[in-house]
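Summary of the model geometry
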Amino acid sequence: MNILKTALGRLRIMGFLEGLSFLVLLGIAMPLKYIWQMPEAVKITGAVHGLLFVVYCILLIQVKIEHEWPLKKVGLAILASIVPFGPFIADKKLFQENEANHV
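Residues numbered from 1 in each chain as written. Predicted model: local features only at pLDDT ≥ 70, side-chain atom pairs only at ≥ 80, totals over all residues. Heavy atoms only, no water.

1. Here's the deal with the overall build of the protein
Within the protein one finds 4 helices and 0 strands. What you see in the protein, going N to C, is helices and strands ordered as α-α-α-α. The principal-axis extents of the C-alpha atoms in the protein amount to approximately 50 × 25 × 20 Å. A burial count over the protein gives 37% of its 103 residues as buried. For the protein, restricting intrachain contacts to residue pairs at least 6 apart in sequence, the fraction spanning at least 24 positions comes to 65%. Per element, the accessible surface of the protein, about 6300 Å² overall, is 72% carbon and sulfur. In the protein, 10 positive and 7 negative side-chain charges are present, and the distance between their average locations comes to 2 Å. (Helix = DSSP H or I, 4+ residues; strand = E, 2+ residues; numbered from the N terminus. Buried < 20%, exposed > 50% of the residue type's maximum accessible area, 1.4 Å probe, protein only. Contact = heavy atoms within 4.5 Å. Areas by Shrake-Rupley, 256 points an atom, 1.4 Å probe, with all protein chains shown as cover. Lys, Arg positive; Asp, Glu negative; His and termini not counted. Charge placed at Lys NZ, Arg CZ, Asp CG, Glu CD.)

Take a look at the structure:
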């Protein structure tokens, strides 16, 4: 099954990209800005991360509607997106479980 064919599959991919961009922002861009005085690293990475976060939220709304997710589950998915490594945990605990039930 092609993961990009379903809203949940697209959310899983975007969650991975959003989580990775957050780790790059925190682990690479922030030290470049504050240790080596390279603020452009945060400007670029922050903009990319912000865009990915917005797309993640839009996909999350789509999945909520299609799979009739309760607000608690949506809230957990949003919370996971603002915690380092959270999107990877959400993929295992929230998204894969739901995908297995709706294939």
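2. Thoughts on the nonpolar core
Core analysis: the largest hydrophobic core is formed by 16 residues, its most contacted members being Leu11, Tyr56, Leu60, Trp69 and Phe95. Elements that contribute at least two residues to this core include exactly helix 1 (7-34), helix 2 (40-67), helix 3 (71-81) and helix 4 (86-101). Ranked by residues supplied to this core, first place goes to helix 2 with 5 residues. If we skip the residues at most four places from it in the chain, Tyr56 touches Leu11, Met14, Gly15, Glu18, Ala77, Ser81 and Phe95. Within the second largest apolar cluster, 5 residues are counted, among which are Phe22, Leu25, Ala29 and Val42. (Core = buried A, V, L, I, M, F, W, Y, C linked by side-chain atoms within 4.5 Å.)

3. Here's the deal with the packing of helix 2 against helix 3
Direction vectors running N to C along helix 2 and helix 3 enclose 165°, while the axes themselves pass 11 Å from each other. Compared by their axis directions, helix 2 and helix 3 come out roughly antiparallel. Crossing handedness for the pair helix 2 and helix 3: right-handed. Contacts from Phe53, Tyr56, Cys57, Leu60 and Lys64 of helix 2 reach helix 3 at Leu71, Val74, Ala77, Ile78 and Ser81. For the contact of helix 2 with helix 3, the class distribution of residues is 8 nonpolar, 1 polar and 1 charged. (Axes fitted to C-alpha atoms, helices over the stretch in contact; angles between N-to-C directions. Parallel < 35°, antiparallel > 145°, perpendicular 65-115°, else oblique. Left-handed = near helix turned anticlockwise from the far one by under 90°. Nonpolar A, V, L, I, M, F, W, Y, C, P; charged D, E, K, R; others polar.)

4. Focus on the packing of helix 1 against helix 2
Relative to each other, helix 1 and helix 2 sit at 155°, their axes nearing to 8 Å. Between helix 1 and helix 2, the angle falls in the class roughly antiparallel. Along this stretch, helix 1 crosses helix 2, giving a crossing that reads as left-handed. Class assignment for the residues of the contact of helix 1 with helix 2 results in 20 nonpolar, 7 polar and 4 charged.

5. Description of a nonpolar patch on the surface
Together, Leu4, Ile13, Phe16, Leu17 and Leu20 give the surface a local cluster of nonpolar side chains, amounting to about 420 Å² of exposed area. In this fold, Leu20 is placed in helix 1. By relative accessible area, which is 38% here, Leu20 ends up partly exposed. (Patch = residues over 30% accessible without salt bridge, like charges linked within 9 Å, V, L, I, M, F, W, Y side chains within 5 Å. Salt bridge = Lys/Arg side-chain N within 4 Å of Asp/Glu carboxyl O.)

6. Some points on helix 3
Residues of helix 3 that are buried include every one of Lys73, Val74, Ala77, Ala80 and Ser81, and no others. Buried residues of helix 3, seen end-on, are gathered within an arc of 120° and therefore sit on one face of the element. Away from its buried face by more than 90 degrees, helix 3 exposes Leu71 and Lys72. (Arc of directions from axis to C-beta.)

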